[in-house]
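Understanding the architecture of this molecule
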Amino acid sequence: MPLKDYQQKILDLLKDKELALSELYKEISEKFYQNEEFWSSLSEEKLYRLQQIEELCDQAKQEKMGFDEKKTKTYTLYTFMESIQDIKDQLRNNELNEIKALSLCHDLENSILERRVYEYFIPYNDKQKKVLDKLKIDINDFLKNIQAQKNKIVSG
């Protein structure tokens, strides 16, 4: 079944969200240069995830994979994007230390929107299912990485 206009908008916003998160992590890497490598790696991972989402979106658009946004609305994604901008503003205004930045980023990454994004895509074959399963694992690993960094900084 062809995508509806609002579904296409949701897909576009999902891609925008990944790019915005990558840019956020890049900005944080410049602010907290002592851990630049860590933050830059998060930024790169988000660019990789953007590529994956672009591929999934293309497959959904070409009707080679299903898409069901469930209860997600465009305003939910706009609100998420505003949260990213708020963190950027706090960073630019020197209102964040690195632990707070890690906590806020962990909260973003742990949101239902981030953790369940791949549940919106409906695989039509085993290869697609394996890709989606791998992406779910990657999301959990990403969260663990952020938490481990926070623990490392807190423990000194």
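This write-up is about the structure you can find in this document. (Residues numbered from 1 in each chain as written. Predicted model: local features only at pLDDT ≥ 70, side-chain atom pairs only at ≥ 80, totals over all residues. Heavy atoms only, no water.)

To continue, consider the overall build of the chain. In terms of helices and strands, the chain carries six helices and two strands. Ordered by position in the sequence, the α and β elements of the chain form the string α-α-β-α-α-α-β-α. For the chain, whose C-alpha radius of gyration is 16 Å, the value lies close to the compact-globule estimate of 15 Å for 156 residues. In terms of principal-axis extent, the alpha carbons of the chain reach across some 50 × 30 × 20 Å. Looking at the 156 residues of the chain, the share that counts as buried comes to 43%. Pairs at least 24 residues apart make up 84% of the contacts formed inside the chain by residues separated by at least 6 positions. Of the side chains in the chain, 26 bear a positive and 30 a negative charge, and the two mean positions are spaced by 5 Å. (Helix = DSSP H or I, 4+ residues; strand = E, 2+ residues; numbered from the N terminus. Rg over C-alpha atoms; globule rule 2.2 N^0.38 Å. Buried < 20%, exposed > 50% of the residue type's maximum accessible area, 1.4 Å probe, protein only. Contact = heavy atoms within 4.5 Å. Lys, Arg positive; Asp, Glu negative; His and termini not counted. Charge placed at Lys NZ, Arg CZ, Asp CG, Glu CD.)

So, on to the nonpolar core. Taken as a class, soluble globular proteins show a tendency for nonpolar side chains to be buried jointly. Leu14, Leu24, Tyr25, Ile28, Trp39, Tyr118 and Phe121 are the most contacted members of the largest nonpolar core, which has 40 residues in total. Where this core is concerned, the elements lending two or more residues are helix H1 (5-31), helix H2 (36-61), helix H3 (74-92), helix H4 (98-109) and helix H6 (126-155). If we skip the residues at most four places from it in the chain, Tyr118 touches Arg49, Gln52, Ile53, Leu56, Leu132, Leu135 and Ile139. (Core = buried A, V, L, I, M, F, W, Y, C linked by side-chain atoms within 4.5 Å.)

Here we come to a negative patch on the surface. Together, Glu82, Asp86, Asp89 and Glu95 make up a region of like negative charge exposed at the surface. Checked against the element boundaries, Asp89 lands in helix H3. Asp89 gets classed as partly exposed once you look at its relative accessible area, which sits at 33%. (Patch = residues over 30% accessible without salt bridge, like charges linked within 9 Å, V, L, I, M, F, W, Y side chains within 5 Å. Areas by Shrake-Rupley, 256 points an atom, 1.4 Å probe, with all protein chains shown as cover. Salt bridge = Lys/Arg side-chain N within 4 Å of Asp/Glu carboxyl O.)

Between side chains of opposite charge, a pair can form as their charged atoms come close. Counted under the stated rule, the structure contains 13 salt bridges. Lys15 is the partner of Asp12 in a salt bridge, and the nearest nitrogen-oxygen pair spans 3.7 Å. Separated by three residues within a single helix, Asp12 and Lys15 lie in helix H1, roughly one turn from each other. Of the charged contacts, one joins Glu114 and Arg49 as a salt bridge, the two residues approaching to 3.8 Å between their closest N and O atoms. Residue Glu114 is found in helix H5 (residues 112-115), and its partner Arg49 is found in helix H2; the two are separated by 65 residues along the sequence. On the basis of relative accessible area, Glu114 is assigned to the buried category, the value being 1%. Ionic contacts of the salt-bridge type, sharing partners, join the residues Lys17, Glu18, Lys46, Arg49, Glu109 and Glu114 into one network.

Turning our attention to the packing of H1 against H2. The relative placement of two packed helices is expressed as an angle between their axes plus a distance between the axes. Close contact between H1 and H2 brings their axes to 7 Å; oriented N to C, the two are set at 170°. On the basis of their axis angle, the class for H1 and H2 is roughly antiparallel. Across the contact of H1 with H2, the residue classes break down as 13 nonpolar, five polar and eight charged. (Axes fitted to C-alpha atoms, helices over the stretch in contact; angles between N-to-C directions. Parallel < 35°, antiparallel > 145°, perpendicular 65-115°, else oblique. Nonpolar A, V, L, I, M, F, W, Y, C, P; charged D, E, K, R; others polar.)

All right, on to the packing of H2 against H4 then. In the contact formed by H2 and H4, the axes pass within 13 Å of each other and the chain directions differ by 15°. Classified by the interaxial angle, the pair formed by H2 and H4 is roughly parallel. Between H2 and H4 the crossing geometry is left-handed. When H2 is examined against H4, the residues Phe38, Trp39, Lys46 and Arg49 are found in contact with a partner set consisting of Glu98, Ala101, Leu102, Cys105 and Glu109. Broken down by class, the residue content of the contact of H2 with H4 amounts to five nonpolar, no polar and four charged. (Left-handed = near helix turned anticlockwise from the far one by under 90°.)

Before going further, it helps to spend a moment on the layout of surface pockets. Here the largest pocket defines a volume of roughly 190 Å³. Together, Tyr48, Gln52, Glu55, Leu56, Gln59, Met65, Asn125, Lys127, Gln128, Val131 and Leu135 line the largest pocket. Counting only elements with at least two residues in the lining of the largest pocket, the list comes to H2 and H6. Ranked by residue count, the leading element in the lining of the largest pocket is H2, at five residues. (1 Å grid on protein atoms, 1.4 Å probe; cavity = no way out; pocket = protein on both sides within 12 Å on 5 of 7 lines; lining within 4 Å. Points joined across faces, edges and corners; volume = space filled by probe spheres on them.)

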